[in-house]
Amino acid sequence: EGDVEGGGARPDRRGFAAGIASAAVLLTGTQASALQWSTVEKIAADPSLLAVGLDPSKLDSIRAAWKRNNLGVKAANAADYTVEFDDFASKVKKAGKAKINGEIVENPTDEQLLSAWKTEERRRAEKRAEEGLEPLTRPVRVLKEGSKKDYETRYYAPLVTNTSTPEALALGAYLKEIGAKMYGAYWCSHCYGQKQVLGAEAAEKYLEYIECDKKGANGNRDLCKERKVKGFPTWEVFGELYPGEMQLDTLADLAGFDLKTGKKSDKGQIKPLPVL
């Protein structure tokens, strides 16, 4: 860390990163925890990169870039993703068969083909997770509002790859029973992390998820504004908002649920401070 290179002492890595993180927070509103070392190295090589943040007209694009590139969830290129599906569909149709739910299906229908793709999509997501790569959001083409022929791209959050524990399934069922909601955005790494805590089965079967980004598939931005959601994820439990990604036990306490018995807790809610 203190090697002399090029006639000067190399700055302390931790201290320098902290300085760059502070500048990034001040200039872009980005959380320091989202900063990557590769970004620090780029700024070290060209400090003028920080100066762009002083231009108010560029702040929105800077924030958008941070959301896309530094929060741990990477947006798949819609065209490339479509090509992947088209290539998959072409191979299945050429073979005349596909493996669906463990069985070989001859000449699959479009519905069966989509089911086969979902299985393949999960396999690829799990492979990325095993390799330590960022999860990918999933672009879809949808008709523009009021149009019968013009399409636009919307995004689903990455597939959840963790398997739900019995405790997560029980809590998920209870959260659904009491009408709990989770507000988030498709690009949000902490939202993805929260779903990973619950696991795929609980998230898919029980989680009432509200997409707050206008580019997210099935988004409900108006509801997020109406409820004055300020950050992601935010839980709504018994009508109150609670921000932040939570571990299973913390979420259970918030909902008044006993993970050990799998029933409503005798202690009632153990609440963190609500959003002001």
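Refer to the preceding data block for the structure.
The rules we used
- Residues numbered from 1 in each chain as written.
- Predicted model: local features only at pLDDT ≥ 70, side-chain atom pairs only at ≥ 80, totals over all residues.
- Heavy atoms only, no water.
- Pairing = 2+ DSSP bridges.
- Helix = DSSP H or I, 4+ residues; strand = E, 2+ residues; numbered from the N terminus.
- Buried < 20%, exposed > 50% of the residue type's maximum accessible area, 1.4 Å probe, protein only.
- Arc of directions from axis to C-beta.
- Contact = heavy atoms within 4.5 Å.
- Salt bridge = Lys/Arg side-chain N within 4 Å of Asp/Glu carboxyl O.

A. Structural detail: the pairing of strand 8 (residues 181–184). In this sheet, strand 10 (residues 234–237) lies alongside strand 8 in antiparallel orientation, the contact comprising three bridges. Considered in strand 10, the bridge of Lys-181 is made with Glu-236. Where strand 8 lies against strand 9 (residues 209–211), three bridges are found, and the strand directions are parallel. Residue pairing in the sheet places Met-182 in a bridge with Tyr-209 of strand 9.

B. Fine view of helix 10 (residues 248–255). Among the residues making up helix 10, those that are buried are Leu-248, Leu-251, Ala-252, Leu-254 and Ala-255. In a view along the axis of helix 10, the buried residues occupy a sector of 160°, so they form one face of it. For helix 10, the secondary structure elements touched by its buried residues are helix 6 (166–177), helix 7 (189–198), strand 10, strand 11 (240–243) and strand 12 (257–258). Taken from the residues just after helix 10, Gly-256 is the one with a positive phi, measuring 75°.

C. Broad picture of the pattern of salt bridges. Enumeration over the complete set of coordinates arrives at six salt bridges. For Glu-204, the salt bridge is made with Arg-122, and the minimal N-O distance between the two is 2.8 Å. Of the two residues, Glu-204 sits in helix 8 (residues 200–205) while Arg-122 sits in helix 5 (residues 110–130), which places them 82 residues apart along the sequence. Taking relative accessible area as the criterion, Arg-122 reaches 23% and is therefore assigned partly exposed. Residue Glu-152 is joined to Arg-154 by a salt bridge in which the shortest nitrogen-to-oxygen separation is 3.0 Å. Overall, the relative accessible area of 24% leaves Glu-152 in the partly exposed class. Look at the salt bridges and you will find they share partners, linking Glu-120, Arg-123 and Arg-124 into a network.

That's the geometry; what it means functionally is another story.
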